[in-house]
Amino acid sequence: MLIKGHLRSGLFLSFGGAVGALSTFARNIIIARLISVEDFGIAATFGITMALVQMSTGLGVDRLIVQATDGNEPKLQGTVQAFNILRGVVLAVIMYAVASPIAHLFDLPELIWAFQWLAVLPLITGFVHMDAARFQREMKFGPSVLVESVPQIIAVALSAPLALYFKDYRVMLWIITVQAASTVVLSFLVAKRRYSVAVDREFLNRILSFGWPLMLNGILLFGIFQADRGIVGIAYSMEDLGWFSAAFTLTLFPSMVFANAAQSFFMPMLSKVQDDPEKLEAGSIATIKACLMIGITISVGLSLAGPAFLLLLFGNDYIGGVQIIAWLALMQGIRMAKAGPTIVAISCGKTKLPLYANIVRSFALVFALVAVWQGWGVLGIVIGGIIGETMAVVYFLFLLTRKFGIDLSLLYKSVVVSMVLVATAIFLSANFATGQDPVFEIVGSILLTLAALGIFLLSALDLVKWLKQSGHGKVEAQV
């Protein structure tokens with residue numbers, strides 16, 4: 001029953017995450033449709049800048065409240081809230097100070113004021129009430145889902161009116177400002193405990209000790225998720241950044257949703273058998289193969305239908321993304337495959353393993369810079385990302401073998417089949433997927449993706465068997 005409860009809670013959180021991801025995706029489509037490609041590229045620089053600041057200074061204080069044995073202690077929560085305010089003030093000062101260098105880095109000196117505006121956002125979010133995180137200790141996830149999802153939905157509702165009014169990149173400044181303010185307001189509306197601040201040296205030391213590995217991982221995650229866009233924005237035009245951001249968003253959205261769902265589904269089952277080596281190996285292989293199968297769905301499906309979806313959703317002005325979308329789909333597919341080892345490691349409490357894999361992934365930045373230096377264009381940057389993701393997956397699997405003794409030979413057949421299927425999809429995309437015949441390309445993509453999944457499952461019958469056994473086991477446990 002406990003596992004069932006955790007699974008249900010995890011799926012509920014995944015639903016909330018999916019709503020947020022879908023809202024962000026819809027917001028970007030609406031804005032991209034109503035402003036120019038160049039302005040959409042400029043708007044993307046604001047997102048890149050905020051992601052750099054937030055991800056490189058995030059200490060995971062909300063997770064500390066959830067995980068700490070004394071996380072319900074008012075003084076700990078007060079210290080966390082005081083720390084958030086201090087962090088917000090420091091970030092605001094830093095953001096304001098570096099606004100001019102960042103604007104010049106993106107060759108947008110006339111927009112220094114816009115990057116200075118971004119300094120207001122950490123000041124606002126520094127006052128978030130942490131009760132929503134505290135409720136998670138009691139398996140109450142509704143408040144957290146509301147605080148995370150509703151501001152995204154508000155942003156979608158305001159996207160069209162603001163875009164029609166401003167008709168340029170300024171719409172994004174207003175959207176992210178409203179989003180930040182509504183997050184704070186909602187955090188107070190769902191709270192039960194009175195907001196307070198406190199300063200306790202012991203708790204502050206714990207915050208810093210708990211958070212520095214997460215901060216380091218956040219810096220690496222920025223390199224993984226945002227650095228490619230940053231390099232495009234610095235090395236090429238805002239128009240190039242605009243269509244690249246559209247194509248990147250289209251391929252990133254499904255991988256984020258599926259990765260969260262897979263984590264919520266598989267983690268409780270793997271955590272239950274982490275002390276049984278034989279069952280852990282079977283579950284780990286099944287999890288990795290399931291994520292590999294989802295990666296195939298993303299890579300094959302979007303390689304073939306991606307150009308059509310890009311032009312249908314974002315418009316013909318973003319046609320520049322057609323040439324790279326199959327490769328972006330491949331990169332996201334490999335990233336989805338990496339989610340398998342990540343789930344296994346976290347389920348067994350080995351949280352440093354994903355950090356090590358992300359360090360390896362960060363070397364892709366070197367390939368991206370070489371691509372710019374050699375004049376290989378945006379495609380060269382994407383190929384660098386593919387190399388980095390592949391290196392990270394291989395290294396992650398090696399780490400799992402060392403830590404848990406998992407027999408990787410059980411994966412060989414599925415990996416080879418996956419490579420053949422994805423290579424076929426990229427070949428077909430390069431020759432037939434132009435986005436100009438959307439009905440043919442989307443229908444053909446669905447049929448070929450279903451065929452690819454069927455072929456993969458024939459090479460992974462142990463995955464089907466494990467899922468049936470796990471489901472049967474859960475039914476027996478409930479009885």
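As recorded by an unreviewed UniProt entry, the chain carries the name Oligosaccharide flippase family protein and is attributed to Sneathiella sedimenti. Of the chain, the UniProt comment under Subcellular location (unreviewed entry) reads exactly: "Cell membrane".

Focus: the overall build of the chain
Counting its regular elements, the chain contains 20 helices and zero strands. Taken over C-alpha atoms, the radius of gyration comes to 23 Å for the chain, in line with the 23 Å a tight globule of 479 residues would show. Principal axes of the C-alpha set define a box for the chain whose edges measure 55 × 55 × 40 Å. Taken across its 479 residues, the chain has 52% of its residues classed as buried. Taking the intrachain contacts of the chain between residues at least 6 apart in sequence as the baseline, contacts between residues at least 24 apart amount to 85%. Accessible area for the chain stands at about 21600 Å²; split by element, carbon and sulfur atoms hold 69% of it. Averaged over its 32 positive side-chain charges, the chain has a centre that lies 9 Å from the centre of its 27 negative ones.

Let's talk about the environment of Ser237
Assignment of secondary structure puts Ser237 in the loop between α11 (227–235) and α12 (238–272). Relative accessible area serves as the criterion here: at 34%, Ser237 is assigned to the partly exposed category. A sequence separation of 93 residues divides Ser237 from Leu330, and the C-alpha atoms of the two residues are 24 Å apart. Of note is the side chain of Ser237, whose polar atom sits 3.1 Å from the backbone nitrogen of Asp240.

Focus: the confidence of the model for the chain
Detailed reading of the predicted model is not advised wherever pLDDT is low. With 93% of its residues at a pLDDT of at least 70, the chain reaches an overall mean of 87. Below pLDDT 50 for its whole length, residues 472–479 participates in three contacts with residues either more than four positions away or in separate chains.

Some words on the packing of helix α16 (residues 364–374) against helix α17 (residues 377–404)
Closest axis-to-axis distance for the α16/α17 pair is 8 Å, and the angle between their directions is 160 degrees. Regarding the angle of α16 to α17, the classification is roughly antiparallel. Like other packed secondary-structure pairs, α16 and α17 cross with a definite hand, here right-handed. On α17, the residues touching Ala364, Phe367, Ala368, Ala371 and Val372 of α16 are Gly377, Gly380, Ile381, Gly384, Gly385, Ile387, Gly388 and Met391. Counted by class, the contact of α16 with α17 contains eight nonpolar, five polar and no charged residues.

What counts, and at which threshold
- Residues numbered from 1 in each chain as written.
- Predicted model: local features only at pLDDT ≥ 70, side-chain atom pairs only at ≥ 80, totals over all residues.
- Heavy atoms only, no water.
- UniProt positions renumbered as here; feature names shortened; annotations may be inferred.
- Helix = DSSP H or I, 4+ residues; strand = E, 2+ residues; numbered from the N terminus.
- Rg over C-alpha atoms; globule rule 2.2 N^0.38 Å.
- Buried < 20%, exposed > 50% of the residue type's maximum accessible area, 1.4 Å probe, protein only.
- Contact = heavy atoms within 4.5 Å.
- Areas by Shrake-Rupley, 256 points an atom, 1.4 Å probe, with all protein chains shown as cover.
- Lys, Arg positive; Asp, Glu negative; His and termini not counted.
- Charge placed at Lys NZ, Arg CZ, Asp CG, Glu CD.
- Polar contact = N/O pair within 3.5 Å; in protein donor to acceptor, adjacent residues only side chain to side chain.
- pLDDT = per-residue confidence, 0-100.
- Axes fitted to C-alpha atoms, helices over the stretch in contact; angles between N-to-C directions.
- Parallel < 35°, antiparallel > 145°, perpendicular 65-115°, else oblique.
- Left-handed = near helix turned anticlockwise from the far one by under 90°.
- Nonpolar A, V, L, I, M, F, W, Y, C, P; charged D, E, K, R; others polar.

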